[in-house]
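Reading the structure
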Amino acid sequence: MKLKTNIKRIGILTGGGDCPGLNAVIRGVTKPAHDLGMEVFGIEDGFEGFVQGKARQLYNKDVSGILTTGGTILGSSNKGDPFHWPEEIDGTIKICDRSKNALKYYQGWNLDALIAIGGDGTMHICDKLSKMGMNIVGVPKTIDNDLEATDQTFGHDSAVYVVSEAIDRLHTTGSSHHRVMIVEVMGRYAGWIALNGGLAGGADIILLPEFPFSWECIYNKVVQRNMQGKRFSIICVAEGAKPKDGEMVVKATDIKRTDPIQLGGIGELIGKKISDNTGLETRVTVLGHLQRGGSPTPYDRILSTKFGTFAIDLASKGKFGRMVALKGNEVTSVKIEDAISKQKLVSSSTQAVISAKAVGVSFGTTEL
Ligand code: F6P
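Since the structure is predicted, the reported quantities are computational estimates derived from the model, not experimental observations.

Cut-offs and rules
Positions within a chain are numbered from 1, following the residues in the order the chain's sequence is written. Since the coordinates come from a predicted model, pLDDT governs what is reported: local features require at least 70, and pairs of side-chain atoms require 80 or more to be given and counted, while whole-chain, interface and lining totals use all residues. Hydrogens are left out, water is left out, and the side-chain values use all remaining heavy atoms of the structure. Put simply, a residue is near a molecule or strand once any heavy atom of it comes within 4 Å of that molecule or strand. Identification of polar contacts relies on pairs of N or O atoms within 3.5 Å, with a donor-acceptor requirement for protein atoms, meaning one able to donate a hydrogen and the other able to accept it, and with residues adjacent in sequence counted only if both atoms are side-chain atoms. Accessibility throughout is a Shrake-Rupley quantity obtained with a 1.4 Å probe, and a residue counts as covered only by protein chains that appear here. Just so you know the grouping, Ala, Val, Leu, Ile, Met, Phe, Trp, Tyr, Cys and Pro go in nonpolar, Asp, Glu, Lys and Arg go in charged, and all remaining residues, Gly too, go in polar. Residue ranges assigned to the domains are those given by an automatic or database domain assignment. In this analysis, two residues are considered to be in contact whenever any of their non-hydrogen atoms come within 4.5 Å of each other. Buried area: the accessible area, evaluated with a 1.4 Å probe, that two parts lose upon being put together, summed over both parts. For this document, the term salt bridge refers to a Lys or Arg side-chain nitrogen within 4 Å of an Asp or Glu carboxyl oxygen. In DSSP terms, a helix is any run of H or I states spanning at least four residues, a strand is any run of E spanning at least two, and both are numbered starting from the N terminus. Remark: exposure states derive from per-residue accessible area (1.4 Å probe, protein chains only) relative to the maximum for the residue type, with buried under 20%, exposed over 50%, and partly exposed in between. Axis definition: a line fitted to C-alpha atoms, over the contacting stretch in the case of helices. Angles run 0 to 180 degrees between N-to-C directions. Each angle is binned into one of four classes, with values under 35 degrees roughly parallel, values over 145 roughly antiparallel, values of 65 to 115 roughly perpendicular, and all other values oblique. Here a crossing is taken to be left-handed if its near helix is turned anticlockwise relative to the far helix by less than a right angle, and right-handed if that turn runs clockwise. The set of buried Ala, Val, Leu, Ile, Met, Phe, Trp, Tyr and Cys residues whose side-chain atoms join them within 4.5 Å is what this entry labels a nonpolar core. Strands are labelled as partners when DSSP assigns at least two bridges between them.

Inspection of the region around the ligand gives Asn78, Ile143, Asp144, Met186, Gly187, Arg188, Glu239, Arg257, His289 and Arg292 as its neighbouring residues. Glu239 places a polar side-chain atom, nitrogen or oxygen, 2.5 Å from an oxygen atom of the ligand. Measuring from an oxygen atom of the ligand, one finds a side-chain N or O atom of His289 at 2.8 Å. In isolation the ligand has 400 Å² of accessible area, and contact with the protein removes 87% of it. Classifying every residue of the shell around the ligand gives two nonpolar, three polar and five charged.

Turning next to the domain arrangement of the chain. Under the domain assignment, the chain is made up of domain 1 (9–144 + 296–328) and domain 2 (156–293 + 347–358). Placing the centre of domain 1 and that of domain 2 at their C-alpha centroids yields a distance of 33 Å. Taken together, the contact between domain 1 and domain 2 spans 19 residues of the former and 19 residues of the latter. Taken together, both faces of the contact between domain 1 and domain 2 bury some 1,700 Å²; the carbon and sulfur share is 55%. Considering only the surface of domain 1 that becomes buried against domain 2, Asn78, Ile143 and Asp144 emerge as the three largest contributors, covering 38% of it. Where domain 1 meets domain 2, there are two salt bridges. The interface formed by domain 1 and domain 2 holds six residue pairs in polar contact (both at pLDDT 80 or more) in total. If you list the elements that add at least two residues to the side of domain 1 that touches domain 2, you get β5 (92–96) and α9 (298–316). Looking at side-chain class alone, the side of domain 1 that touches domain 2 contains eight nonpolar, six polar and five charged residues.

Once that is clear, we can look at the environment of Lys327. Locating Lys327 in the fold gives a position in strand β14 (residues 322–327). Lys327 sits in the partly exposed class, given a relative accessible area of 37%. In this structure Lys327 touches Glu148, Ala149, Asp151, Thr332 and Val334, once residues within four positions along its chain are discounted.

With that settled, the discussion passes to the packing of helix α7 (residues 215–227) against helix α8 (residues 266–278). Contact geometry of α7 with α8 gives a least axis separation of 10 Å together with a crossing angle of 65°. With respect to α8, the axis of α7 lies roughly perpendicular. Relative to α8, α7 is oriented so that their crossing is right-handed. From α7, Trp215, Ile218, Tyr219, Val222 and Val223 reach across to α8, where they touch Leu269, Ile270, Lys273, Ile274, Asn277 and Thr278. Class assignment of the residues belonging to the contact of α7 with α8 gives a composition of eight nonpolar, two polar and one charged.

Now for the nonpolar core. Counting residues in each nonpolar core, the largest one holds 60 residues, and the members touching the most others are Ile10, Ile12, Ile115, Val139, Phe154 and Phe363. The greatest single-element share of this core, amounting to six residues, is contributed by α9. Each of domain 1 (9–144 + 296–328) and domain 2 (156–293 + 347–358) contributes no fewer than three residues to this core. Among the nonpolar cores identified, the runner-up in size contains 29 residues, and Leu103, Tyr106, Ile125 and Met134 belong to it.

As a working rule, side chains carrying opposite charge can pair if their charged atoms are close by. Tallied over the entire structure, the rule returns 17 salt bridges. A salt bridge links Lys317 to Asp313; its shortest N-O distance comes to 2.8 Å. By relative accessible area, Lys317 is classed as exposed at 53%. Several salt bridges converge on common partners, so that one network encompasses Asp127, Lys131 and Glu337.

The backbone of Asp90 sits at a positive phi, close to 50°, despite the residue not being glycine. By secondary structure assignment, the location of Asp90 is in the loop between β4 (85–89) and β5. Although it is not a glycine, Asn110 sits at a positive phi angle of roughly 60°. If you trace the backbone, Asn110 turns up in the loop between α3 (99–108) and β6 (113–118).

Spatial ordering of the open sheet is given by β3-β2-β1-β6-β7-β14-β15, a layout of seven strands whose pairing is mixed. Two strands bound the open sheet, and with one partner strand each, they are β3 (55–58) and β15 (330–335). With strand direction ignored, the average angle separating the axes of adjacent strands in the sheet is 30°. Bridge count for β14 against β15 is six bridges, and the pairing is antiparallel. Bridging across to β15, Ala325 finds its partner in Thr332. The strands touched by helix α1 (residues 22–35) within the sheet are β1 (9–14), β2 (39–43), β3, β6 and β7 (136–140), with β1 carrying the most contacts at an inclination of about 175°.

Now for the environment of Leu170. Residue position: Leu170 is located in helix α5 (residues 156–177). Given the relative accessible area of 10%, Leu170 is considered buried. Once the C-alpha coordinates of Leu170 and Val180 are considered, the two residues, 10 residues apart in sequence, prove to be 9.7 Å apart. Each residue touching Leu170, except ones within four places of it in the same chain, is listed here: Met181, Val183, Ile234 and Thr285.

So this is what it looks like as structure tokens:
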């Protein structure tokens, strides 16, 4: 077949934590790439597999039927940063630079370009690999939705759907038993999942990392609701939320991870403090990886397909060092180095915060 582009062979990988929509992007890249006469090389297990030289060729049959499936057919890892590679030397873990291994495989596989699908950590790695000479196009994924350069990452909508469905279920059991129901959600240092999931589910209190909360404010809100005859409350708390006078709750640390900190446990702390200080009965649900698993929502399937096809279009035109982005309703691209300069966080002027306050949601602080 006559090539319709100078790019003959591309690599594709999925880095960091998985999320619904990764397979839809892989499909969105691979099918048009074949139509353009390119070969597609799937790198396995993210950057970890890249450094170790794990890859296989992807054919159309490999991406058939994967639009609707969660996870990633390529595997992923949040431990394989080539520039921060954990290696056991004499019984201790030492952090080494293995980026030259990745470059060696990139050249050895004769790749003309790499499509890297990932979040903040992946884009930082992509920026450094671009500067070493690799031709890279980034595609932004993360349930956290915390990349400033894009209005939305795929995966977020699916996570929000899980949260809102969970809150609906907690609502009925919480109101039957007159309890304070606390649901802890993911999001790392950004509150988008808690904010959007809490708003969609009708939570009474939403607690975010961006707005440190006061214990008194939370106690007052649940007691006041009780006195008004609303004998249950729903609290949607982000894993990174923290009290004004305290720190985020860290569940574990692991230096092998790109971000060594694993958050978790703030929900339990809030449940205990509320029952100790108000006498109300509390129950805590931690949604955890339910938010990352399963089939993508229709919104995420569409966004992922748009992102994948746009990425291969950029690559076929030789537009490298760029990350696909959504701006309003338009899919466009930004320089990777600009994409990583700032994290997108919730602020007091975020429309969802303004609307939540207008319908009586408390953010656990009087300072908003
Ligand atoms: O970044 C996505 C995310 O799901 C965060 O919301 C969460 O803090 C983290 O990854 C959990 O990572 P792991 O799967 O390594 O526990």
